[in-house]
Amino acid sequence: MPADHARPTACLALADGTLFYGTGFGATGQTTAELCFNTAMTGYQEIMTDPSYAGQIVTFTFPHIGNTGVNPEDDETGDPVAAGMVVKWMPTQSSNWRAAQELGDWLAARGRIAIGGIDTRRLTRAIRQLGAPHVALAHDPEGNFDTDALVAAARGFPGLEGLDLALDVTCAQSYRWDEMRWAWPDGYQRQTEARHKVVAVDYGAKRNILRCLASAGCEVTVLPATATFDEVMAHDPDGVFLSNGPGDPAATGAYAVPMIQRLLKDTQLPIFGICLGHQMLALAVGAKTIKMNHGHHGANHPVKELSTGKVEITSMNHGFAVDSQSLPEGVQETHVSLFDGSNCGIRLADRPVFSVQHHPEASPGPQDSFYLFERFAASMDDAA
């Protein structure tokens, strides 16, 4: 390699002035975001395309990222949403029968910057100890970096508190969804015998959540995050689903909470929420949300269902949490994290309205939490 190219080609700058140098891949340029870490050993493509990661750069603690390539079937939305990627080892040539493209080429085509060769253990320890930092990530093939400007850019990032990102990732208009979960040997099949009509409010919905609803017998109509009570009810739903999504739940709640409160006041419809949808429901019933130090991001999170004592291995991605101490009378805590005791689920005591913080569709267990979709379907059966 020529001497003038021996220098690092990517730089990660933290707001406290710490610099990490490595090798860039994917797109060139610069981006700013909040930095989090994810402990999952698989699913990097699903993570990068999960709308809940808007405004964040993801550090992968597992070193083998990119070894199964990417393919169009595994996208959770149309394009990567996470702002960038940090990995320990540079991706090698992919080896998987489903691979259609190399990770680096996929990121470059979609304008996402990545850096390899980083001491991700050191970086993860810093995030755990100091909280999710604001960072700037730059990739320049010539290795020219203005580090003072990068640190200043990191310090200038506004952070996720008070930031409504659901509007950036929600659908532009309503649409129908009938694709079910992937199954061997035919892949994705279509739902042709739906029992229930469900309106899914899209705060940043993952495709596999919609597939799980379809597989549970639902005819799904997806509405934008700003859908009003009248727009939801115009579809004459048997139930309402509140999706995952990014940003500060209190900011999204400014327009989402009044609609949910109207549903609770004027209907007896079953309601099911996941992730940001869980937080929207909690806010609607009078609870509060709080910013976490470094959040929960990974596919190995043990969650206990309090009514049965069952422990589920779950996938999580959230930087905010429902404050269990703020739950009002008539709202029961149903699930808790066995890592830190934080709230992971609620239900209303007297009606079929419930939500969870974790992602039951993400299959880390691999199917520990699928029963939640069946529970939602059963609640619509009971209400019929």
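Everything below is about the structure shown above.
Residues numbered from 1 in each chain as written. Predicted model: local features only at pLDDT ≥ 70, side-chain atom pairs only at ≥ 80, totals over all residues. Heavy atoms only, no water.

Considering the pairing of strand β12 (residues 218-224)
In step 1: For β12, the tally of buried residues reaches six of seven residues, placing the bulk of the element in the interior.
In step 2: Relative to β12, strand β8 (residues 175-177) runs antiparallel, the two being bridged by three bridges. Bridge pairing in β12 links Trp177 to Val220.
In step 3: Taken together, the seven bridges between strand β11 (residues 196-202) and β12 define a ladder with parallel strand orientation. Counterpart to Asp202 in the pairing with β12 is Pro224.
In step 4: Regarding the hand of the β-α-β motif, the stretch spanning β11, helix α6 (residues 207-215) and β12 is right-handed. (Buried < 20%, exposed > 50% of the residue type's maximum accessible area, 1.4 Å probe, protein only. Helix = DSSP H or I, 4+ residues; strand = E, 2+ residues; numbered from the N terminus. Pairing = 2+ DSSP bridges. Right-handed = clockwise from strand over helix to strand, strands pointing away.)

Digging into empty space enclosed by the protein
In step 1: Taken as a whole, this structure holds two cavities of 30 Å³ or more when the rule is applied.
In step 2: Size it by volume and the largest cavity reaches roughly 120 Å³.
In step 3: Every residue lining the largest cavity is counted, 14 residues in all, and those nearest its centre are Ser52, Gly247, His318, Gly319 and Phe320.
In step 4: Counting residues per element, the lining of the largest cavity draws most heavily on strand β16 (residues 311-322), at four residues.
In step 5: Residue composition of the lining of the largest cavity, by class: five nonpolar, nine polar and no charged.
In step 6: Quantified by volume, the second largest cavity comes out at close to 40 Å³.
In step 7: By residue class, the composition of the lining of the second largest cavity is five nonpolar, eight polar and one charged. (1 Å grid on protein atoms, 1.4 Å probe; cavity = no way out; pocket = protein on both sides within 12 Å on 5 of 7 lines; lining within 4 Å. Points joined across faces, edges and corners; volume = space filled by probe spheres on them. Nonpolar A, V, L, I, M, F, W, Y, C, P; charged D, E, K, R; others polar.)

Observations concerning the sheet that holds strand β2 (residues 19-26)
In step 1: Spatially, β1-β2-β6-β5-β4-β3-β7 is the arrangement adopted by the seven strands of the closed barrel, whose pairing is mixed. Taken over all neighbouring pairs, the strand axes of this sheet differ in orientation by 35 degrees on average, direction set aside.
In step 2: Note that strand β1 (residues 10-14) and β2 share four bridges and pair antiparallel. In the sheet register, Cys11 faces β2, and the bridge partner there is Tyr21.
In step 3: Relative to the sheet, helix α3 (residues 120-130) contacts β1, β2, β3 (29-38), β4 (56-60) and β5 (84-86), its axis offset from that of β3 by approximately 75 degrees. (Axes fitted to C-alpha atoms, helices over the stretch in contact; angles between N-to-C directions. Contact = heavy atoms within 4.5 Å.)

Digging into the pairing of β4
In step 1: Among the five residues of β4, five are classified as buried, and the element is accordingly described as predominantly covered.
In step 2: On β4, burial covers both faces: Gln56, Val58 and Phe60 on one face and Ile57 and Thr59 on the other are all buried.
In step 3: The sheet contact formed by β3 and β4 spans five bridges and is parallel. When the bridges of β4 are listed, Asn38 appears paired with Phe60.
In step 4: Inspection of the sheet shows β4 paired to β5 by three bridges, in the parallel sense. Each residue of the ladder has a partner; that of Thr59, found in β5, is Val86.

Considerations on the nonpolar core
Where a protein is soluble and globular, its nonpolar side chains tend to be buried together.
In step 1: Within the largest apolar cluster, 33 residues are counted, with the highest numbers of intra-cluster contacts made by Tyr203, Ile260 and Leu264.
In step 2: Contributions of two or more residues to this core are made by β11, α7 (229-233), β13 (239-242), α8 (249-266), α9 (276-284) and β18 (343-348).
In step 3: Of all hydrophobic cores here, the second largest spans 26 residues; its members include Ala200, Leu213, Leu372 and Phe373. (Core = buried A, V, L, I, M, F, W, Y, C linked by side-chain atoms within 4.5 Å.)

Looking at the sheet that holds β16
In step 1: Across the sheet, which stays open at both edges, the 10 strands sit in the order β8-β12-β11-β13-β14-β19-β18-β17-β15-β16 with mixed pairing between neighbours. Whereas interior strands pair on both sides, the edge strands pair on one side only; in this sheet they are β8 and β16. Geometrically, the sheet is characterised by an average inter-axis angle of 25 degrees between neighbouring strands, direction not taken into account.
In step 2: Its contacts with the sheet put α6 on β8, β11, β12, β13 and β14 (271-274), and the angle it makes with β12 is roughly 145 degrees.

A short note on a nonpolar patch on the surface
In step 1: Where nonpolar side chains cluster on the molecular surface, the patch consists of Trp97, Trp182 and Trp184 and spans about 480 Å² of accessible area.
In step 2: Among the structural elements, Trp182 can be located in strand β9 (residues 179-183). (Patch = residues over 30% accessible without salt bridge, like charges linked within 9 Å, V, L, I, M, F, W, Y side chains within 5 Å. Areas by Shrake-Rupley, 256 points an atom, 1.4 Å probe, with all protein chains shown as cover. Salt bridge = Lys/Arg side-chain N within 4 Å of Asp/Glu carboxyl O.)

A short note on the environment of Gly29
In step 1: Looking at where Gly29 falls in the secondary structure, it is placed in strand β3.
In step 2: The partly exposed category is assigned to Gly29, whose relative accessible area is 33%.
In step 3: The spacing of Gly29 and Ile115 is 86 residues in sequence and 12 Å in space, taken between C-alpha atoms.
In step 4: Dropping the residues within four chain positions of it, Gly29 is found in contact with Ile113, Leu137, Ala138 and His139.

Details of α6
In step 1: Most of α6 is tucked away: seven of the nine residues are buried.
In step 2: Within the span of α6, buried status applies to Asn208, Ile209, Leu210, Arg211, Cys212, Leu213 and Ala214.
In step 3: Of the residues one or two after α6, Gly217 is the one with positive phi, at around 95 degrees.

A short note on the packing of aromatic side chains
In step 1: Under the counting rule described, the total for this entry stands at six aromatic pairs.
In step 2: Geometrically, the ring pair formed by Trp97 and Trp184 is edge-to-face, given 6.3 Å between the ring centres and 85 degrees between the ring planes. With Trp97 in the loop between β5 and α2 (103-109) and Trp184 in the loop between β9 and β10 (187-190), this residue pair connects regions lying 87 residues apart in the sequence. Across the pair, Trp184 and Trp97 agree in class, each one exposed.
In step 3: Here the aromatic rings of Phe272 and Phe354 are separated by 4.8 Å at their centres, their planes lie at 25 degrees, and the arrangement is stacked. Within this pair, whereas Phe272 is found in strand β14, its partner Phe354 is found in strand β19 (residues 353-356), the two being separated by 82 residues in sequence.
In step 4: By relative accessible area, which is 0% here, Phe272 ends up buried.
In step 5: Looking at Phe354, the relative accessible area reads 9%, which means it is buried. (Phe/Tyr/Trp six-rings, centres within 6.5 Å; stacked < 30°, edge-to-face > 60°.)

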